[in-house]
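Fold and geometry: a report
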Amino acid sequence: QVRLVESGGGLVQAGASLRLSCAASGRIFTRFPMGWFRQAPGEEREFVAALRWSGQHKYYGDSVKGRFSISRDADYTMHLQMNALKPEDTAVYYCATGDIATDQDMTLWRAYDYWGQGTQVTVSS
């Protein structure tokens with residue numbers, strides 16, 4: 001089993017920054033990609049960013065490109081640096097991992113097998 005625990009959410013004003021972290025433990029396979037998704041009330045789960053543990057392939061959703069940055073540490077912790085936050089970034093943010101063969105599928109939440117409990121990010125205007 002894989003356990004994922006997110007941290008770093010909070011309430012900030014528009015224009016501020018936050019850094020989310022996702023600590024992975026258990027049966028971690030370094031060939032599995034890691035991803036961030038978010039879900040606002042009444043909305044579909046939205047792809048935010050993803051990477052492979054090699055760190056060479058990183059992908060971002062269109063709404064966060066240029067503002068968010070995904071990274072990982074050697075100890076299987078993944079981060080999401082969020083800058084220039086907007087009220088529309090308000091959501092519960094989840095990290096996820098799974099046995100995903102193609103980089104194209106890394107943007108699809110249904111392709112992921114393991115999920116964290118989520119962390120709330122609220123951006124006020």
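To start, this report covers the structure provided alongside it. (Residues numbered from 1 in each chain as written. Predicted model: local features only at pLDDT ≥ 70, side-chain atom pairs only at ≥ 80, totals over all residues. Heavy atoms only, no water.)

1. Structural notes on the sheet that holds strand E1 (residues 2–7)
How we decide: Strand pairing is assigned whenever DSSP detects at least two bridges linking the two strands. The helix and strand labels rest on DSSP assignments: H or I over at least four residues marks a helix, E over at least two residues marks a strand, and numbering proceeds from the N terminus. Helix axes are fitted to C-alpha atoms over the stretch in contact, other axes to C-alpha atoms as well, and angles between N-to-C directions run from 0 to 180 degrees.
Strand order in the open sheet made by the four strands is E1-E3-E8-E7, with antiparallel pairing throughout. The open sheet terminates on both sides in strands that have one partner only, identified here as E1 and strand E7 (68–72). The mean inter-strand angle of the sheet, taken between neighbouring strand axes irrespective of direction, is 15 degrees. Relative to strand E8 (residues 77–82), E7 runs antiparallel, the two sharing five bridges. By the bridge assignment, Ile70 is partnered in E8 with Leu80.

2. Some remarks on the state of the cysteines
What makes a disulfide is a covalent bond joining the sulfur atoms belonging to two cysteines. Definition in use: We call a pair of cysteine sulfur atoms a disulfide whenever their separation is within 2.5 Å.
This structure, assessed with the given rule, holds one disulfide. A disulfide bridge connects Cys22 with Cys95, and the sulfur atoms are separated by 2.1 Å. One quick way to see it: the torsion about the S-S bond of Cys22 and Cys95 is about 60 degrees, and its sign makes the bridge right-handed. Placement of the pair is Cys22 in strand E3 (residues 18–26) and Cys95 in strand E9 (residues 91–97), with a sequence separation of 73 residues.

3. A closer look at unusual backbone geometry
Basically, it comes down to this: Only protein chains enter the calculation, and the probe is 1.4 Å; a residue is then buried if its accessible area is under 20% of its type maximum, exposed if over 50%, and partly exposed in between.
The backbone phi angle of Tyr76 is positive, close to 65 degrees, even though this residue is not glycine. Of note, Tyr76 is situated in the loop between E7 and E8. Residue classification places Tyr76 among the partly exposed residues on the basis of a relative accessible area of 31%. For Ala84, which is not glycine, the phi torsion reads 50 degrees and is therefore positive. Locating Ala84 in the fold gives a position in the loop between E8 and E9.

4. Topic: the pattern of salt bridges
What counts, and what does not: When a carboxyl oxygen of Asp or Glu is within 4 Å of a side-chain nitrogen of Lys or Arg, the pair counts as a salt bridge.
Applying the stated rule across the entire model yields six salt bridges. Between Asp99 and Arg31 there is a salt bridge, with the nearest N and O atoms lying 2.8 Å from each other. One end of the pair, Asp99, is in the loop between E9 and strand E10 (114–115); the other, Arg31, is in the loop between E3 and strand E4 (34–39), and 68 residues separate them in sequence. Judged by relative accessible area, Asp99 falls into the partly exposed class, the value being 46%. Across the pair Lys65 and Asp62 runs a salt bridge whose closest N-O atoms are separated by 3.2 Å. For the pair shown, Lys65 and Asp62 are each scored as exposed. Through salt bridges with shared partners, a single network forms among Arg38, Glu46, Arg67 and Asp89.

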